[in-house]
Amino acid sequence: MNFELTEDQLLIREMVREFAQTEVAPIAAEIDRDHRFPEELIPQMAKLNILGVPIPEEFGGAGADNVSYVIALEELARVCASTSIIVSGHTSLATWPIFEFGSTAQKEKYGTKLAAGEILGAFALTEPGAGTDAAAGKTTAVLKGDEYVLNGSKIFITNGGYAGLYIVTAMTDPAAGTRGISAFLVEPDAPGFSVGEKEHKMGIKASSTTPLYFSDCRIPKDALLGAEGKGFKIAMATLDGGRIGVAAQALGIAQGALDASIAYAKERVQFGKPLSALQAIQWMIADMATQIDAARLLVYRAAWNKDNGLPYGTAAAMAKLFASETATHVADRAIQIHGGYGYTESYPVERAYRDAKVTELYEGTSEVQRMVIAGSLLR
Ligand code: CAA
């Protein structure tokens, strides 16, 4: 067993850390306050290959492993959780399934553009009546001649309005349950497709979260991803990887909150000494650091499993469950350490507290992660 990062993993960490510090950190509070999607970061990240970290170089990616990818997401989330989910939604939920399930033509047409960051990707599974019960979607796709015609709607779609490609699930055989769901590649200019208003969220405010509408939306027959009826399995397999990304995001949020707490505890003087000299604060910091370290081991292990061809669905669920609950707890303690100042926008822990919560919700709630973990143990 070896806990050391490789030279390549360390180089990616250094590169993304520097980018996060110089380009993302200075705008993080502003884009959160203004609910502004950081469009200017997309070409910058594309240039550094941050939008295709685990995709092979021959397809325009960085050709790195999944451990490097989670390190990149962690470093981004350390300063801006919104930027981290923009990258994670794009990479894990839209780019990966094209390379895993797509035809050669789909890989060439979309995969390379996604991996190189020329377009952003989005993944659309959730519907107003189908959140945790992902199989309860009502959107339909009917084959008419050379086209599928989609009707219905999706909700809470990350990168909505900014994506150049949407992976959309729809029922092709409503009588067949999960085996009647198919996945499609929808371009934003498809006739009958539209994007709704952005949600006003508690956190990750700079990430775009929108509904999608399909009104007799026509897409070519060859926009089917994989085979008809495989859409649910494609979505579940995609989420197995996505959950590692969200876990890495949670880890980064927690690390950022700890960094801020340590700095504050050293500088803030009360009772004639810095907070860091008080045992009450020391113990909080010790607990936060220990939980973060445990979360990091779970996150890196899940990514390592994926890199090494091992099953990773349960490891991903454990990593997301633990890292997300760590993030909300650590952000809470970070505010406690900052006292009243932590409750203001003057310190980044207020944003970390709001951003952390969503990691317990999206790409499967903590309850879903427990269902997945228990299911793997009790079958
Ligand atoms: N990989 C491959 N196939 C899988 C799978 C996996 N991880 N999990 C299940 N399947 C297959 C099963 O083998 C089964 O196949 P068969 O029909 O051949 O037997 C089929 O899928 C149905 O499985 P289940 O009966 O277990 O499905 P279920 O309806 O009971 O659902 C669930 C189980 C775990 C609750 C699932 O619905 C789930 O994960 N729900 C949460 C959905 C979710 O995470 N949504 C987030 C959306 S994305 C997002 O958050 C937005 C964003 O942009 C960030």
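Residues numbered from 1 in each chain as written. Predicted model: local features only at pLDDT ≥ 70, side-chain atom pairs only at ≥ 80, totals over all residues. Heavy atoms only, no water.

J.: I'd like a rundown of the overall build of the protein, residues and numbers included.
T.: The secondary structure content of the protein amounts to 10 helices and 10 strands. Taking 379 residues into account, the globule formula puts the C-alpha radius of gyration at 21 Å, and the protein, at 21 Å, falls close to it. A principal-axis box enclosing the C-alpha atoms of the protein has dimensions of 80 × 45 × 40 Å. The buried share among the 379 residues of the protein stands at 53%. For the protein, long-range pairs separated by at least 24 residues make up 72% of all intrachain contacts whose partners lie at least 6 apart in sequence. Just so you have it, the protein exposes about 16600 Å², and 54% of that area is on carbon and sulfur atoms. Positive and negative side-chain charges in the protein, numbering 34 and 45 respectively, have mean positions lying 4 Å apart. (Helix = DSSP H or I, 4+ residues; strand = E, 2+ residues; numbered from the N terminus. Rg over C-alpha atoms; globule rule 2.2 N^0.38 Å. Buried < 20%, exposed > 50% of the residue type's maximum accessible area, 1.4 Å probe, protein only. Contact = heavy atoms within 4.5 Å. Areas by Shrake-Rupley, 256 points an atom, 1.4 Å probe, with all protein chains shown as cover. Lys, Arg positive; Asp, Glu negative; His and termini not counted. Charge placed at Lys NZ, Arg CZ, Asp CG, Glu CD.)

J.: Before we move on, could you go through the site of the ligand and cite the residues and values that matter?
T.: Every one of the 22 residues lining the ligand counts as a neighbour, but Thr132, Arg179, Lys233, Asp240 and Glu363 are closest to it. A distance of 2.8 Å is found between an oxygen atom of the ligand and a side-chain nitrogen or oxygen belonging to Arg179. Its free accessible area being 1100 Å², the ligand has 70% of it covered by the protein chains. Residue assignment for the shell around the ligand shows that the elements contributing at least two residues are strand 3 (147–158), helix 6 (231–267) and helix 10 (366–378). No other element matches the 7 residues that helix 6 contributes to the shell around the ligand. In terms of residue class, the shell around the ligand is made up of 11 nonpolar, 6 polar and 5 charged. (Near = heavy atom within 4 Å. Polar contact = N/O pair within 3.5 Å; in protein donor to acceptor, adjacent residues only side chain to side chain. Nonpolar A, V, L, I, M, F, W, Y, C, P; charged D, E, K, R; others polar.)

J.: Just give me the short version of helix 10, but keep the residues and values in it.
T.: End to end, helix 10 covers 18 Å across 13 residues, agreeing with the expected 18 Å (1.5 Å per residue, within 8%). Listed as buried for helix 10 are Ser366, Val368, Gln369 and Ile373. Down the axis of helix 10, the buried side of the element spans an arc of 165°, and every buried residue falls inside it. Facing away from the buried surface of helix 10 by more than 90 degrees, the exposed residues are Glu367, Met371 and Leu378. (Expected span 1.5 Å × (residues − 1). Arc of directions from axis to C-beta.)

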